[in-house]
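Listed below, chain by chain, are the residues.
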Amino acid sequence: MATKGYDLFITSPGAEQTMHCQVCKAPCKERRNVYGPTGFVSAMAKRFTVHDSFVCPHADEGWHRQALRLVMAIEQTPSPRVAQLMQQDLQDLLSKHNTH
């Protein structure tokens, strides 16, 4: 499952030509002029709009989910040393899958 702002992006129609995954930097697959909800709240309220959707082609792969967890943990840790170690783990994981 993709995560908004990392490997899933919703934009106004035509606002962006391309988007890249913030986790692995892969070019996202695009769907143009989608009519539907843009998130959980709009889905619950049954509010549909026309939008463009961009999603990483690797978002559902196990290694990508692990990389996403590392990215989020790096952002949240207060320790620069721990963040540096996690960054190295992230780079190793992405290198193993030919990204970055």
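This text follows the structure it describes.
Position labels on residues start from 1 in each chain and follow its written sequence. Totals for whole chains, interfaces and linings use all residues, but because this is a predicted model, local features are given only for residues with pLDDT of at least 70 and pairs of side-chain atoms are given and counted only at 80 or more. For side-chain calculations, the full set of non-hydrogen atoms in the structure is used, while hydrogens and water are omitted.

(A) Region of interest: the overall build of the chain. Strands are runs of DSSP state E lasting at least two residues, helices are runs of H or I lasting at least four, and both sets are numbered from the N terminus onward. A count of helical and extended segments in the chain gives 3 helices and 3 strands. Counted from the first residue to the last, the chain has its helices and strands arranged as β-β-α-β-α-α. Projected onto the principal axes, the alpha-carbon positions of the chain cover approximately 45 × 25 × 25 Å. When burial is assessed residue by residue, the chain has 33% of its 100 residues classed as buried. When contacts within the chain are restricted to residue pairs at least 6 apart in sequence, long-range pairs at least 24 apart make up 53% of them. Per-residue and other accessible areas follow the Shrake-Rupley method at a 1.4 Å probe size, with only the shown protein chains counted as cover for residues. Approximately 6,600 Å² of the chain is accessible, and the part contributed by carbon and sulfur atoms is 54%. When charges are counted, neither His nor the chain ends are considered; positive counts come from Lys and Arg and negative counts from Asp and Glu. To locate a charge, take NZ of a lysine, CZ of an arginine, CG of an aspartate or CD of a glutamate. In the chain, the 11 positive side-chain charges and the 9 negative ones have mean positions that sit 6 Å from each other. Residue exposure (1.4 Å probe, protein chains only): buried if accessible area is under 20% of the type maximum, exposed if over 50%, otherwise partly exposed. In this analysis, two residues are considered to be in contact whenever any of their non-hydrogen atoms come within 4.5 Å of each other.

(B) Spatial organisation of the sheet that holds strand 3 (residues 49–55). Strand pairing is defined by DSSP finding a minimum of two bridges between the two strands. Judged by pairing direction, the sheet is antiparallel, and its 3 strands sit side by side in the order 1-3-2 without closing on themselves. Edge strands, defined here as strands with exactly one partner in the open sheet, are strand 1 (8–11) and strand 2 (29–36). Each strand axis lies, on average, 25 degrees off the axis of its neighbour in the sheet, ignoring direction. Where strand 1 meets strand 3, 4 bridges bridge the pair, whose relative direction is antiparallel. Note that in strand 3 the partner of T11 across the bridge is D52. To obtain an axis, a line is fitted to C-alpha atoms, over the contacting stretch when the element is a helix, and the angle between two such axes runs from 0 to 180 degrees between their N-to-C directions.

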